[in-house]
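Breakdown of the fold
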Amino acid sequence: MLPPDLPAHRTRAEKFDDYVLDAVERLEQRWARQLEGTEFAVEDVPPSHPAPWEHGGVPLGRYFPADAGLPPRIVVYRRPVEIRAVDDADLAALVLDVVVEQVAHLLARAPEDVDPGYRP
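Each chain carries its own residue numbering, running from 1 in the written order of its sequence. At least 70 in pLDDT is required for a residue's local features to be given in this predicted model, at least 80 for side-chain atom pairs to be given and counted, and no such filter applies to totals for whole chains, interfaces and linings, which use all residues. The basis for every side-chain value is the complete set of heavy atoms in the structure, and neither hydrogens nor water enter the calculation.

With respect to the secondary-structure elements, Arg73 resides in strand β3 (residues 73-77). Sequence spacing of Arg73 and Arg62 is eleven residues, and the spatial spacing of their C-alpha atoms is 8.3 Å. Residues count as neighbours in contact if any of their non-hydrogen atoms are within 4.5 Å of one another. Setting aside its immediate chain neighbours within four residues, Arg73 contacts Glu39, Ala41, Glu43, Arg62, Tyr63 and Phe64. In DSSP terms, a helix is any run of H or I states spanning at least four residues, a strand is any run of E spanning at least two, and both are numbered starting from the N terminus.

Turning our eyes to something else, we now look at the pairing of β3. A large share of β3 lies buried, amounting to four of its five residues. Of the strand pairs in this sheet, strand β1 (residues 39-43) and β3 are connected by five bridges, and their pairing is parallel. Residue pairing for β3: Glu39 is matched across the bridge by Arg73. As defined by bridge partners, strand β2 (residues 61-64) adjoins β3 across four bridges and the pair is classed as antiparallel. In the sheet register, Phe64 faces β3, and the bridge partner there is Arg73. Relative accessibility decides the category of a residue: with a 1.4 Å probe and only protein chains considered, values under 20% of the type maximum give buried, values over 50% give exposed, and everything between is partly exposed. The criterion for strand pairing is that DSSP finds at least two bridges linking the strands in question.

What follows deals with the sheet that holds β3. Here we have three strands laid out as an open sheet, ordered β1-β3-β2, and mixed in their pairing. Each having just a single partner strand, β1 and β2 make up the two edges of the open sheet. Neighbouring strand axes in the sheet, compared pairwise and without regard to direction, differ in orientation by 20 degrees on average. Axes, fitted as lines to C-alpha atoms, cover a helix only where it is in contact. Angles between the N-to-C directions of the axes lie from 0 to 180 degrees. This element, helix α1 (residues 12-35), spans β1 and β3 of the sheet and lies at about 160 degrees to β1. This element, helix α3 (residues 88-107), spans β1, β2 and β3 of the sheet and lies at about 20 degrees to β2.

The subject of this paragraph is α1. Here α1 is 24 residues long, yet its end C-alpha atoms lie only 27 Å apart, well below the 34 Å a rise of 1.5 Å per residue gives. For α1, the principal kink sits at Gln29 and spans about 85 degrees. When we look at burial in α1, the residues that qualify are Phe16, Tyr19, Val20, Ala23, Val24, Leu27, Trp31 and Leu35. Of the surrounding secondary structure, the elements contacted by the buried residues of α1 are β1, β3, α2 (78-84), α3 and α4 (111-114). Among the residues trailing α1, Gly37 stands out with phi positive, at a value near 90 degrees. A helix is expected to span 1.5 Å multiplied by its residue count minus one. What we call the bend at a residue is the angle made by axes fitted to the seven residues finishing there and the seven residues starting there.

This is how it looks when you write it as structure tokens:
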């Protein structure tokens, strides 16, 4: 138990999940109708086999279109994203960029159209 004057400890994974939720909430303010039913998830690492459209490098996220009754799904890969971030602020910004890029695939739009604050 923690004393009441100390903040509760959050794991890196919990903080990362919060960054993803913050990014999704930001985008839902503008794209709620288009994102309705889309699942967002966090996985530690991407599968060892790349998707057919992926060439080189480790993906930071992936968009899976709706298929066979399953809703569209966007996955952010925690470990590869964390490795690229220099601090918590950079991590939050990078998570937002990854989510924006994957939502852009879903909406068939440029990331800059999905979120004007997107930084390539």
